[in-house]
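Read off the chains here:
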Amino acid sequence: MEQRAAVTKLLDLMAEEILLLEEFGSREEMVRSCVRQNNWSELNLTIQQLSPLAEKIEAVERLRDEAFTALKTGYGESEDASFYHVVFHLPDRERDISVELYRKLKMAALRIQSITLCIDSYVRTVSGTVRQILEEIFPYQKGKIYSKHGGAMDIQAEPMVLNTSL
């Protein structure tokens, strides 16, 4: 009966984590939209909402890992046993449910990873483009400027061309 309770706890935690990850993914979609639309005030609010949600996900993940470890121990499996190896011990119905939840969990995590990579790629592309444009407009600010003593120095003012032949 103790194993049954461990399985139920694991399945409940997996379902809860899936819901939290899906909500996190939706909020990340909002972040991506805000970044593309340059809506900085909405972006700030959305990012503030992500932090407590991430903490909840982390707490549920920790509990889920503990439940899975207890299940592994209960079935006499080694510490490094895979999920599929452990759920092999479950009755058919519970095995099917756990495998389905595991797939959903993986898909939710991959979705978040994909959205995060899209945001990162977009921001890197935009910042690289802006940097190239600024280098074309202000070519004297390319790279580092060195003083006559050989140390790097900040650019203080825009250079001025003085026509001394007038």
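Refer to the structure above for everything that follows.
The paragraphs below set out a description of the structure included in this document. (Residues numbered from 1 in each chain as written. Predicted model: local features only at pLDDT ≥ 70, side-chain atom pairs only at ≥ 80, totals over all residues. Heavy atoms only, no water.)

Structural notes on the overall build of the chain
Link 1 in the chain: Helices and strands together make up the secondary structure of the chain, namely 4 helices and 2 strands.
Link 2 in the chain: Across the chain, helices and strands are ordered from the amino to the carboxyl terminus as α-α-α-α-β-β.
Link 3 in the chain: In the chain, which comprises 166 residues, the share counted as buried stands at 27%.
Link 4 in the chain: Carbon together with sulfur atoms contributes 55% to the accessible area of the chain, which is approximately 12,000 Å² in total. (Helix = DSSP H or I, 4+ residues; strand = E, 2+ residues; numbered from the N terminus. Buried < 20%, exposed > 50% of the residue type's maximum accessible area, 1.4 Å probe, protein only. Areas by Shrake-Rupley, 256 points an atom, 1.4 Å probe, with all protein chains shown as cover.)

A few points about the side chain of Glu28
Link 1 in the chain: Take Glu28: it is sitting in helix α1 (residues 2-37).
Link 2 in the chain: Buried Glu28, no salt bridge; nearest opposite-charge side chain is Arg111, N-O distance 7.8 Å. (Lys, Arg positive; Asp, Glu negative; His and termini not counted. Salt bridge = Lys/Arg side-chain N within 4 Å of Asp/Glu carboxyl O.)

Section: the pattern of salt bridges
Link 1 in the chain: Applying the stated rule across the entire model yields 8 salt bridges.
Link 2 in the chain: Here Arg4 makes a salt bridge to Glu94, at a shortest N to O gap of 3.1 Å. Here Glu94 lies in helix α4 (residues 92-137) and Arg4 lies in helix α1, a separation of 90 residues in the sequence.
Link 3 in the chain: Taking relative accessible area as the criterion, Arg4 reaches 46% and is therefore assigned partly exposed.
Link 4 in the chain: Of the residues examined, Glu94 reaches a relative accessible area of 12% and is grouped as buried.
Link 5 in the chain: Salt-bridge contacts for Glu29 lead to Arg32; the nearest nitrogen and oxygen are separated by 2.6 Å. Remark: Arg32 and Glu29 occur in helix α1; sequence separation between them is 3 residues, near one turn of the helix.
Link 6 in the chain: A relative accessible area of 26% means that Glu29 is categorised as partly exposed.

Topic: the nonpolar core
Link 1 in the chain: Counting 34 residues, the largest nonpolar core has Leu10, Met14 and Phe83 as the members making the most contacts within it.
Link 2 in the chain: Counting residues per element, the ones that place at least two in this core are α1, α2 (40-74), α3 (83-87) and α4.
Link 3 in the chain: The element that contributes the greatest number of residues to this core is α1, accounting for 13 residues.
Link 4 in the chain: When neighbours within four sequence positions are excluded, Phe83 is seen to be in contact with Leu10, Met14, Phe68, Ser98, Val99 and Tyr102. (Core = buried A, V, L, I, M, F, W, Y, C linked by side-chain atoms within 4.5 Å. Contact = heavy atoms within 4.5 Å.)

As for the packing of α1 against α2
Link 1 in the chain: Running from amino to carboxyl end, α1 crosses α2 at an angle of 160 degrees, the nearest separation of the two axes being 8 Å. Our classification of the angle between α1 and α2 gives roughly antiparallel. Regarding α1 and α2, the two cross each other, and that crossing is left-handed.
Link 2 in the chain: Within the contact of α1 with α2, the residues separate by chemical class into 24 nonpolar, 4 polar and 10 charged. (Axes fitted to C-alpha atoms, helices over the stretch in contact; angles between N-to-C directions. Parallel < 35°, antiparallel > 145°, perpendicular 65-115°, else oblique. Left-handed = near helix turned anticlockwise from the far one by under 90°. Nonpolar A, V, L, I, M, F, W, Y, C, P; charged D, E, K, R; others polar.)

Observations regarding a nonpolar patch on the surface
Link 1 in the chain: On the surface, Val126, Val130, Ile133, Leu134 and Ile137 cluster together into a nonpolar patch covering about 410 Å² of accessible area.
Link 2 in the chain: Here Leu134 shows up in helix α4. (Patch = residues over 30% accessible without salt bridge, like charges linked within 9 Å, V, L, I, M, F, W, Y side chains within 5 Å.)

Looking at unusual backbone geometry
Link 1 in the chain: At Asn38, a residue that is not glycine, the phi angle is positive and equals roughly 55 degrees.
Link 2 in the chain: Secondary-structure assignment places Asn38 in the loop between α1 and α2.
Link 3 in the chain: Relative accessible area serves as the criterion here: at 48%, Asn38 is assigned to the partly exposed category.

Brief notes about the packing of aromatic side chains
Two measures describe an aromatic ring pair: the distance that separates the ring centres and the angle between the ring planes.
Link 1 in the chain: Following the criterion strictly, the structure yields 4 aromatic pairs and no others.
Link 2 in the chain: Measuring from centroid to centroid gives 5.3 Å for Tyr84 and Tyr102, while their planes differ by 80 degrees, and the two rings are edge-to-face. Taken together, the positions of Tyr84 in helix α3 and Tyr102 in helix α4 put the pair 18 residues apart, joining distant regions of the chain.
Link 3 in the chain: Of the residues examined, Tyr84 reaches a relative accessible area of 42% and is grouped as partly exposed. (Phe/Tyr/Trp six-rings, centres within 6.5 Å; stacked < 30°, edge-to-face > 60°.)

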